[in-house]
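Next come the chains, spelled out residue by residue.
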Amino acid sequence: MTPEAPRTTTAPHPRGRRRPRGAGRAPAALLLPALLGLAFLVLPLLGLLVRAPWSALPGLLTGPEVWQALKLSLLSATLATGVALVLGVPLAWLLARTDFPGRRLVRALVTLPLVLPPVVGGVALLLVLGRNGILGRWLDAWTGVTLPFTTTGVVVAEAFVAMPFLVISVEGALRAADPRYEEAAATLGASRLTAFRRVTLPLVAPGIGAGAVLAWARALGEFGATITFAGNFPGRTQTMPLAVYLAMESDPEAAIALSLVLLAVSVAVLAGLRDRWMSTP
Amino acid sequence: MTRPVAHPRAGTPALDARLTVSRGAFTLDVPLAAEPGEVLALLGPNGAGKSTALRALAGLLPLTDGHLRLDGAPLDSPADGLFRPAEQRPIGVVFQDYLLFPHLSALDNVAFGLRARGLRRAAARAGALPWLERMGLAEHAGHRPAKLSGGQAQRVALARALAVRPRLLLLDEPLAALDARTRLDVRAELRRHLAEFEAVAVLVTHDPLDAMVLADRLVVIEGGRVVQSGRPAEVARHPRTDYIARLVGLNLYQGTADGRRVTLPEGQALATDEELTGPAFVAFPPDAVTLHRHRPETSARNLFPCTVAGLDLHGDRFRVDLTGPLPMAADLTPTAAAELDLSPGTRVWAAVKATQTHAYPA
């Protein structure tokens, strides 16, 4: 460690090395809005903690409705993540490793649900997979399966909204992984599928894990597409966010309690991903 | 080292290729032939097309023209629309930076090819272990590549390529990633393994020493074409391009021979000891040149006025770059250099004895 060179603009500080460089020199025109922005993001969450009915919490959370909603949310978000993994990883591979006409368009379409209002996604799903939808009609006629307003419908809506997160994350990991490892596998006699399974997948496993957690968190919080496509039936399609929204009208304390649970889950996800997403160089 | 081997199609070499790859303005067009047990080195400057040739041999890049046959079986034949990709070729490749799979142990890296051929994990490992033992790496079998030294990683890469018993072994700058000291050991060891290897080996390198030590035959590529090929000693003695002359440290000139005289296009004439007529090369080593501040009384028949362009210490010798009617490099002892008091711009006379030049037909 070389000692810090004395600066002409600031007096030597006894603990100068521990102090972030230039923290004292931030102009007020930037510092003020920055602090306001921070407060804007943090205060509502603090409010949630302050107003939480801590003593009544155990009772509220163990009530059958809450428990039901929580169970349904965890189950559907996990299943939606599974669907996103099974379909999204190969899709990410296709986008990252192959070249076909219209690849850029496909990539844009894949990321569209990221920016699409979820309600619009729900409407679109209804039009295609609804009982009278373009595909739903045939699904109903041939298999008797209808998706809307079922738990499966919840999974479909959540997967629709969450999968792009996974695809983007995995595609990024694939692009960062050296494709020459796949060439090395090929020279050893591995087919492209074997190379993918035994070389590429292990190499991008951290990216897949991060993408899956991200998709799972997004699915857990999904509201718009779910309520539009799957409705709001307690025990069947009423997930946590839907229960929170409904409880705000009838039982605000329960809504706060439910919100706390979702907040705790979000913090846990962030903690789990902090090495990948929170550490900026 | 070439051994006669029973062959399915007598008269056809085991490796029989004409590698033609067109890529925009660059065209590679290299005929190659080798027998089992032979080690071929593709030598050339950066951008000459060596790597393209290696990728075409490996099946990572299809030919645009020409053909590639191994042991009589076609691997690539654009005219017939036939292309067998890398995973269907009986090859082994040692990549420049080895490309050991970072998530697998050394043993599983070596076992990878056997597993890809359908062996169960235990059987593949059992087949891989002897190769690690041969490389003296049995105690590192469980280590990930990140824990191996450069020389160890290189040997694991070689074991991985050999474990599938390839009919064509390809090595891409196998020593380039090693530091000078490791390089010496690994080169000697690689030479031993290549000598034991029973099929065709093709080595790509830009290092003449690697090529000379490891290969039975050199194929020198420049600008996508073969400019010279032959046994290493032959190529080193009779360079045919400036690139090789510089690699082997010779001054090289091309001109027209008439008896014991070779006239260069610029009008200079070099006296030689060999009787020749027609287009010819003349080569002489830098230490055959003696330098003088004044025109010397010398028996040397080749005497040229020169100007010092630069000085460089090469080991225990001074390498002097000379410009003038006949540009050349001269090697001097430090004592001689000090006595001559040379510096860039100094005008000197360079003398070369005819007996120390070597002329051969172009």
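What you are looking at is a predicted structure, and each value in this text was computed from that prediction instead of being measured. (Residues numbered from 1 in each chain as written. Chains lettered and ligands numbered in written order. Predicted model: local features only at pLDDT ≥ 70, side-chain atom pairs only at ≥ 80, totals over all residues. Heavy atoms only, no water.)

1. A closer look at the interface of chain A and chain B
Much of the literature gives interface size as the accessible area that the parts lose upon coming together. Condition: Whether two residues are in contact is decided by their heavy atoms, any of which lying within 4.5 Å being enough. Simply put, the buried area is the total loss of 1.4 Å probe accessible area from both parts when two parts are fitted together. A pair is scored as a salt bridge if a Lys or Arg side-chain nitrogen falls within 4 Å of a carboxyl oxygen belonging to Asp or Glu.
Taken together, the 17 residues of chain A in the interface contact 21 residues of chain B. Summing both sides of the interface, chain A and chain B together bury roughly 1,800 Å²; the carbon and sulfur share of this comes to 65%. The largest share of the area that chain A buries against chain B comes from Thr187(A), Leu188(A) and Arg198(A), three residues that together contribute 42% of it. Viewed at the interface, chain B and chain A are joined by two salt bridges.

2. Description of the packing of aromatic side chains
Describing an aromatic ring pair means giving the distance of the ring centres and the angle of the ring planes. Residues and elements named next belong to chain A. To keep things clear, this is the line we draw: Pairing of aromatic side chains requires ring centres within 6.5 Å, counting the rings of Phe and Tyr and the six-membered ring of Trp. Pairs whose planes differ by under 30 degrees are stacked, by over 60 edge-to-face, and all others tilted. Secondary structure elements are taken from DSSP: a helix is a run of H or I of four residues or more, a strand is a run of E of two residues or more, and numbering for both begins at the N terminus. A simple rule labels every residue: compare its accessible area, found with a 1.4 Å probe on the protein chains alone, to the largest value its type can have, and call it buried under 20%, exposed over 50%, or partly exposed in between.
For the coordinates displayed, the defined rule picks out eight aromatic pairs over all chains. Residues tryptophan 138 and tryptophan 142 carry aromatic rings whose centres are separated by 5.6 Å and whose planes lie at 45° to one another, so their mutual orientation is tilted. Of this pair, tryptophan 138 and tryptophan 142 both sit in helix α6 (residues 136-143), separated by four residues, roughly a single helical turn. Tryptophan 138 sits in the partly exposed class, given a relative accessible area of 45%. Here tryptophan 142 falls in the exposed class, since its relative accessible area comes to 68%. Between the aromatic rings of phenylalanine 149 and phenylalanine 233, the centroid separation amounts to 6.2 Å while the plane-to-plane angle is 85°, which identifies the pairing as edge-to-face. Of this pair, phenylalanine 149 sits in the loop between α6 and α7 (151-176) while phenylalanine 233 sits in the loop between α10 (224-229) and α11 (240-250), and the two are 84 residues apart along the sequence. By relative accessible area, phenylalanine 233 is classed as partly exposed at 35%.

3. Focus on the domain arrangement of chain B
Note the threshold: Boundaries of every domain are those given by an automatic assignment or by a domain database.
Parsing chain B into structural domains produces domain 1 (15-244) and domain 2 (291-352). The distance between the C-alpha centroids of domain 1 of chain B and domain 2 of chain B comes to 42 Å.

4. Details of the sheet that holds strand β18 (residues 347-352) of chain B
Strand pairing in a sheet relies on backbone hydrogen bonds. The paired strands run either parallel or antiparallel. Residue and element names in this part refer to chain B. Defined as follows: In short, DSSP must find at least two bridges between two strands for them to pair. Only the contacting stretch of a helix is used when fitting its axis, a line to C-alpha atoms as for every element, and angles between N-to-C directions run 0 to 180 degrees.
Taken in spatial order, the five strands line up as β14-β18-β15-β16-β17 in an open sheet, and their pairing is antiparallel. The open sheet is flanked by β14 (289-292) and β17 (328-332), the only strands paired with a single partner. Going from strand to strand, the sheet's axes swing by 45° on average, the running direction of each strand aside. Summarising the sheet, strand β15 (residues 302-314) and strand β16 (residues 317-323) pair through seven bridges and their orientation is antiparallel. If you follow threonine 307 over to β16, its bridge partner there is threonine 323.

5. Focus: the sheet that holds strand β12 (residues 251-263) of chain B
All names here are of chain B. Ordered in space as β12-β13-β19, the three strands form an open sheet in which the pairing is antiparallel. Because the sheet does not close on itself, it has two edges, and the strands there are β12 and β19 (358-361). Across this sheet, the average inter-strand angle for adjacent strands is 40°, counted without regard to direction.

6. Considerations on the environment of Ala219(A)
Residues and elements named next belong to chain A. With respect to the helices and strands, the residue alanine 219 is situated in helix α9 (residues 192-221). Judged by relative accessible area, which is 1%, alanine 219 ranks as buried. When sequence neighbours within four positions are dropped, the list of residues in contact with alanine 219 reads Ala77, Ala80, Glu158 and Ala162.

7. Things to note about the confidence of the model for chain B
Our working rule: As a per-residue measure, pLDDT reflects the predictor's confidence and takes values from 0 up to 100.
When the pLDDT values of chain B are averaged, the result is 90; 97% of them are 70 or greater. Segment residues 1-9 of chain B is flagged for pLDDT under 50; beyond a separation of four residues in sequence, or across chains, it makes 18 contacts in the model.

8. Observations concerning the pattern of salt bridges
For the structure on display, the rule yields 25 salt bridges over all chains. Where Glu222(A) meets Arg218(A), a salt bridge forms, and the shortest distance between an N and an O atom there is 3.6 Å. Each of Arg183(B), Arg187(B), Asp207(B) and Asp210(B) takes part in salt bridges that share partners, so that together they form one network.

9. Re the nonpolar core
Residues and elements named next belong to chain A. Here is the rule we go by: Take the buried Ala, Val, Leu, Ile, Met, Phe, Trp, Tyr and Cys residues and link them wherever side-chain atoms come within 4.5 Å; each set so joined is a nonpolar core.
Among the nonpolar cores identified, the biggest contains 48 residues, and Leu166, Val170, Leu174 and Met240 are the most heavily contacted of them. Listed by contribution, the elements that provide at least two residues to this core are α2 (57-62), α3 (64-97), α7, α9, α11 and α12 (252-278). Sequence-distant contacts of methionine 240, defined by excluding residues within four places in its chain, comprise Val66, Ala69, Leu70, Ser73, Leu258, Val261 and Leu262.

10. Notes on the packing of helix α8 (residues 180-187) of chain A against α9(A)
All names here are of chain A. Rules: Here the angle decides the label: under 35 degrees means roughly parallel, over 145 means roughly antiparallel, 65 to 115 means roughly perpendicular, and every other value means oblique. Handedness of a crossing follows from how the near helix is turned relative to the far one, being left-handed for an anticlockwise turn of less than a right angle and right-handed for a clockwise one. Three residue categories are used. Nonpolar comprises Ala, Val, Leu, Ile, Met, Phe, Trp, Tyr, Cys and Pro, charged comprises Asp, Glu, Lys and Arg, and polar comprises the others, including Gly.
At a closest axis distance of 10 Å, the pairing of α8 and α9 adopts a crossing angle of 155°. As far as their axial angle goes, α9 and α8 are roughly antiparallel. In terms of crossing hand, the pair formed by α8 and α9 is right-handed. Packed against α8, whose contacting residues are Tyr181, Glu182 and Ala185, the element α9 presents Ala195, Val199, Thr200 and Leu203 at the interface. Residue composition of the contact of α8 with α9, by class: five nonpolar, one polar and one charged.

11. Quick word on the side chain of Arg89(B)
All names here are of chain B. Where we set the bar: Pairs of N or O atoms within 3.5 Å make up the polar contacts considered here, provided that, within protein, one atom can donate a hydrogen while the other can accept it, and that residues adjacent in sequence are counted only when both atoms are side-chain atoms.
When you line up the elements, arginine 89 lands in the loop between β6 (82-83) and β7 (91-94). Judged by relative accessible area, which is 1%, arginine 89 ranks as buried. At 3.0 Å, the side chain of arginine 89 forms a polar contact with the backbone oxygen of alanine 56. A distance of 3.3 Å separates a polar atom in the side chain of arginine 89 from the backbone oxygen of leucine 75. Not counting residues within four places of it along the chain, the set of residues in contact with arginine 89 comprises Ala56, Leu57, Ala58, Gly59, Leu68, Leu75, Asp76, Phe83, Arg84 and Arg117.

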